[in-house]
Every structure is written in C-alpha cells, then in structure tokens.
Amino acid sequence: LDGVTLLADNSVSIKDPWFPRHASDLDNCNHLMTKYEPDLDMNHPGFADKEYRARRKVIAEIAFAYKYGEPIPCIPYTETENETWSRVFITVLDLVPKHACVEYQRVFKKLQEERIFESHRIPQLQEVSDFLKRNTGFTLRPAAGLLTARDFLSSLAFRVFQSTQYVRHINSPYHTPEPDCIHELLGHMPLLADPSFAQFSQEIGLASLGASDEEIEKLSTIYWFTIEFGLCKEGTEVKAYGAGLLSAYGELLHALSDKCEHRPFDPSTTALQKYQDQEYQPIYFVAESFEDAKEKFRRWVAAMSRPFEVRYNPHTQRVEVLDSV
Ligand code: TIH
Ligand code: FE2
C-alpha cells in the first residue's frame, strides 16, 4: 500500500513541481553534482593534495551557509591562488583582442578601468556582483561546486548567477573540467554585464522553471553550447563568447582551429547534441549574433509543453505564474 501512496504523491509533484518563486527561494537551489569533487575523483589534480582539499572544504562551507540578502563573504586568497589567477589572466589578456567577441572585450576593458580585473589578485565576488548589478541587474550567490542543471538554470530566471568561489589547482591552470572562480570571473562575468546577453541568460532560466526532466536536459544542452562554449560570427570572422572558452586558453585555440567542427546554432538540433565535459568539445555551434540566437531560442521555447507562462517582476524579485490554458 505504501508503494501506491508514493506513486500517487509522485504524480502530483510531476503535474505541479516545486520551483523557486522568489529570489530568496534560491536558498533551496544548491544541490551539487559530485562527480568532480577532489575528494571523490582520483583524476582530480587536487586528489593527492591534502592542503588543497582542506582549502576547498573551507570555501564550500561558506557557500553552504550563505543565505539570500547577505553580503558574499570575502575570501582572503593565498599567494598560490593569486598566482594561478595571474597565469590565466595573462593568457586571456593576450588572446582576447583577437578571439573574443566585441561585447566581451568592451566589458573586460570596463572591468580593468574599475580596477576589478587586475593581474595580481583575484577579484572578490561581492565587488563583481555590485558591478553586474549596476550594468544589467544580475547578482551573484556563492555556490559550493557544480550544481544540478535544474538548480543552476532556475537562478538565472531571477538574474542571479551561482558562482563558485574556490580556485583550480595550480598544477592545471589552463584547463579544468569543473567550474572554479577563475572560470566564473574571466569566462562569465564580462557577458553577464552585457544587456543583450544578460537577457538571453535570463530567458533560458525562465524557460527552465517547472520544466520536465527531459526539457531541463535540452535547456542545459543549449546552455552548454551557447553560454559555455558558444561561438558567434562577426563580419567574416568567428569569435568566442562561451565562458568555458574564454577561461581556458587551450580550448579557446582548439575551438578556433580546424581540429573541430562548426555548425550553425539552431535550438532544435543543438538541444539534442550529446556533449561531454572531460575533454575539449569536438563540435561547436556558431550563432549569427546574440540577438539572432535569442530570437531563435524564443521561437523554440514557445513550442515547449509547459501549461503555464512565467514572467519575472524585478520590483518584487518574484516570478509570476500565468495560466495559459
Ligand atoms: N573548462 C573550463 C576552464 O578550464 O576554465 C571550466 C568549465 C567550463 C564549463 C564547465 S567547467
Ligand atoms: Fe560556466
């Protein structure tokens, strides 16, 4: 009999899934995927480094304890951590003028002018969050590691980006399979301060609220091939806008070489493309522009099965649910 009750409960929750309605509900959207934890993954460069693992624990605890509305705690980064940042920062400085899209370059300059991006120290999440807020209304929350797709995407609906705060191991500065704050800062922050890109990010988030598991899979695949690994046309050239490319010197050069395949971005086919996150991508999708990607994405989302519509009210930081049947 218990089994029957459980099933009934389940079917109710499928029809009416919980999802965050207010930015403070994101306090409950911090479920982790554990596959890259240095404690569990023997291939992690930090697996054998006790000191590194202890450091990761301290920083993860800060994220777990964080609640909506609090200032993001400042992490006094160590000399080694700042050194890791410096190495990546210098390679990015070198490659950006040639390979990053104009929108990225514009904000990157601004971040340098405001002395938020400097080569010798890792910026604090709070100062970057304040910068985003002034530019597009995005804010940051600390995350303890790689979150589930559902939790991560749902925060974007509120113009909230969940950002890790720990630093990759010094032994692998130019590519890591898991997100770290160097990836978040150098990869994601510049474009989250661009109005058109911020809008695109939020729309992926809104589409994810109350979506089925299958739809979440498709949305996270689209996220992967745009926000993480997207390329876009600029005149006759192809430039990078994906954060996973702009924070990883090795993969950026790979993505723009002839060792991989470029396909036009089209949500209905891109959403079905299988991907892996251990090695460089074999396939990248090229958008005509952010505006075009957004247009195509909107048309594709409109065909999703969700029986209601959602709209974000920035005055209350609340998502309003509108019955569309
Ligand atoms: N591979 C990226 C880097 O080395 O900076 C980090 C990640 C991108 C996407 C997922 S993890
Ligand atoms: Fe990322």
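Refer to the preceding data block for the structure.
Residues numbered from 1 in each chain as written. Chains lettered and ligands numbered in written order. Predicted model: local features only at pLDDT ≥ 70, side-chain atom pairs only at ≥ 80, totals over all residues. Heavy atoms only, no water.

Here we look at the packing of aromatic side chains
Selection criterion: The criterion for an aromatic pair is that two Phe, Tyr or Trp rings (for Trp, the six-membered ring) have centres within 6.5 Å, with stacked assigned to planes under 30 degrees apart, edge-to-face to planes over 60 apart and tilted to the rest. Only DSSP runs of H or I with at least four residues qualify as helices, and only runs of E with at least two residues qualify as strands; both kinds are numbered from the N terminus onward. Think of it in three bands: residues with accessible area under 20% of the maximum for their type are buried, residues over 50% are exposed, and the middle band is partly exposed, with areas taken using a 1.4 Å probe on protein chains only.
For the structure shown, the criterion picks out 20 aromatic pairs. Arranged with centres 5.9 Å apart and planes meeting at 70°, the rings of Trp 85 and Phe 117 form a pair that is edge-to-face. Taken together, the positions of Trp 85 in helix α3 (residues 79-99) and Phe 117 in the loop between α4 (102-113) and α5 (125-135) put the pair 32 residues apart, joining distant regions of the chain. With a relative accessible area of 0%, Trp 85 lands in the buried category.

Side note on the packing of helix α6 (residues 149-156) against helix α9 (residues 213-228)
In plain terms, the rule: Only the stretch in contact is used when fitting a helix axis, every axis being a line fitted to C-alpha atoms; angles between N-to-C directions are given from 0 to 180 degrees. For classification purposes, an angle smaller than 35 degrees is called roughly parallel, one larger than 145 roughly antiparallel, one from 65 to 115 roughly perpendicular, and anything else oblique. Definitions for this section: a left-handed crossing has its near helix turned counterclockwise from the far helix by less than a right angle. A right-handed crossing has that turn clockwise. Pairs of residues are marked as contacts when any of their non-hydrogen atoms sit within 4.5 Å. Ten residues, namely Ala, Val, Leu, Ile, Met, Phe, Trp, Tyr, Cys and Pro, are considered nonpolar, four, namely Asp, Glu, Lys and Arg, are considered charged, and the remaining ones, Gly among them, are considered polar.
Between α6 and α9, the shortest axis-to-axis distance is 10 Å and the interhelical angle comes to 65°. Comparing their axes, α9 and α6 come out roughly perpendicular. Where α6 crosses over α9, the two elements pack in a sense that is left-handed. Every residue of α9 that contacts α6 at Ala 149, Arg 150, Phe 152, Leu 153 and Leu 156 is listed here: Asp 213, Ile 216, Leu 219, Ser 220 and Tyr 223. Grouping the constituent residues of the contact of α6 with α9 by class yields 7 nonpolar, 1 polar and 2 charged.

Here we look at the side chain of Glu 118
Where we set the bar: Throughout this description, a polar contact denotes any pair of N or O atoms lying within 3.5 Å of each other; where both atoms belong to protein, one of them has to be capable of donating a hydrogen while the other can accept it, and for residues adjacent in sequence the pair is counted only when both atoms sit in side chains.
Secondary-structure assignment places Glu 118 in the loop between α4 and α5. Its relative accessible area of 15% is what places Glu 118 among the buried residues. A polar contact is formed between the side chain of Glu 118 and the side chain of Arg 115, at a distance of 3.0 Å. Filtering out sequence-adjacent residues up to four positions away, Glu 118 remains in contact with Trp 85 and Phe 89.

A few points about unusual backbone geometry
Here the phi dihedral of Arg 159 falls at roughly 55°; this positive angle occurs in a residue that is not glycine. Summarising the element assignment, Arg 159 is placed in the loop between α6 and β2 (160-164). Among the residues examined, Arg 159 registers a relative accessible area of 14% and is labelled buried. A positive phi is found at Gln 317, a non-glycine position, where the angle reads about 55°. Of the residues examined, Gln 317 reaches a relative accessible area of 25% and is grouped as partly exposed.

Re the site of ligand 1
In plain terms, the rule: Throughout this document, a residue counts as near a molecule or strand when at least one of its heavy atoms sits within 4 Å of that molecule or strand. Shrake-Rupley sampling with a 1.4 Å probe provides the accessible areas, and residues are treated as covered by the protein chains on show and by no other component.
Around ligand 1, 13 residues are found, and the nearest of them are Arg 168, His 175, Thr 176, His 183 and Ser 247. One nitrogen or oxygen atom from the side chain of Arg 168 is found 2.8 Å from an oxygen atom belonging to ligand 1. One of the backbone N or O atoms of Thr 176 is found 2.8 Å from a nitrogen atom in ligand 1. Relative to its unbound accessible surface of 320 Å², ligand 1 loses 96% to contact with the protein.

Re the pairing of strand β1 (residues 139-143)
Note the following rule: If you view a crossover with the strands going away from you and the path from the first strand over the helix to the second runs clockwise, you call it right-handed.
A large share of β1 lies buried, amounting to 4 of its 5 residues. Once the chain exits β1 it traverses α6 before rejoining the sheet at β2, and the crossover so formed is right-handed.

Looking at the environment of Pro 123
You can see Pro 123 is positioned in the loop between α4 and α5. For the pair Pro 123 and Phe 285, spaced 162 residues apart in the sequence, the C-alpha separation amounts to 31 Å. In this structure Pro 123 touches Tyr 77, Trp 85, Ile 116, Phe 117, Val 128 and Leu 185, once residues within four positions along its chain are discounted.

Side note on the coordination of the iron ion (ligand 2)
Applied cut-off: For Na, K and Ca the donor cut-off is 3.2 Å, and for all other metals it is 2.8 Å, counting N, O and S atoms only; because water is absent from this set, sites may look incomplete. A four-donor site is classed as tetrahedral when every donor-metal-donor angle falls between 85 and 135 degrees; four donors are called square planar, and six octahedral, when trans pairs exceed 155 degrees and all remaining angles lie between 65 and 115, with any other arrangement labelled irregular.
Around the iron ion (ligand 2), the protein contributes the donor atoms His 183 (NE2), His 188 (NE2), Glu 228 (OE) and Glu 228 (OE), which lie 1.9 to 2.7 Å from the metal centre. Classification of the site at the iron ion (ligand 2) rests on its 4 donor atoms, whose angles at the metal span 53 to 133°, yielding the label irregular. Linear spacing of the donor residues for the iron ion (ligand 2) on their chain is H-x4-H-x39-E. Neither His 183 nor His 188 differs from the other in exposure class; each is buried.

Focus on helix α8 (residues 195-208)
To keep things clear, this is the line we draw: By this rule the span expected of a helix is its residue count minus one, scaled by 1.5 Å.
End to end, α8 covers 20 Å across 14 residues, agreeing with the expected 20 Å (1.5 Å per residue, within 8%). The element α8 is largely enclosed, with a buried count of 12 among its 14 residues. Among the residues making up α8, those that are buried are Ser 196, Phe 197, Ala 198, Phe 200, Ser 201, Gln 202, Glu 203, Ile 204, Gly 205, Leu 206, Ala 207 and Ser 208. Structurally, α8 contributes buried residues whose contacts are with α6, α7 (181-192), α9, α13 (290-302), β7 (308-313) and β8 (318-323).

What about the state of the cysteines?
So the rule is basically this: Disulfide: a pair of cysteine sulfur atoms within 2.5 Å of each other.
Going through the model one piece at a time under the given rule, you end up with 0 disulfides. With no disulfide of its own, Cys 74 has Cys 181 as its nearest cysteine by sulfur position, at a separation of 12 Å. On the basis of relative accessible area, Cys 74 is assigned to the exposed category, the value being 55%. As a non-bridged cysteine, Cys 232 has Cys 101 as the owner of its nearest cysteine sulfur, 4.8 Å distant. According to the relative accessible area criterion, Cys 232 is buried, its value standing at 4%.

None of the figures reported here should be taken as evidence of function without further support.
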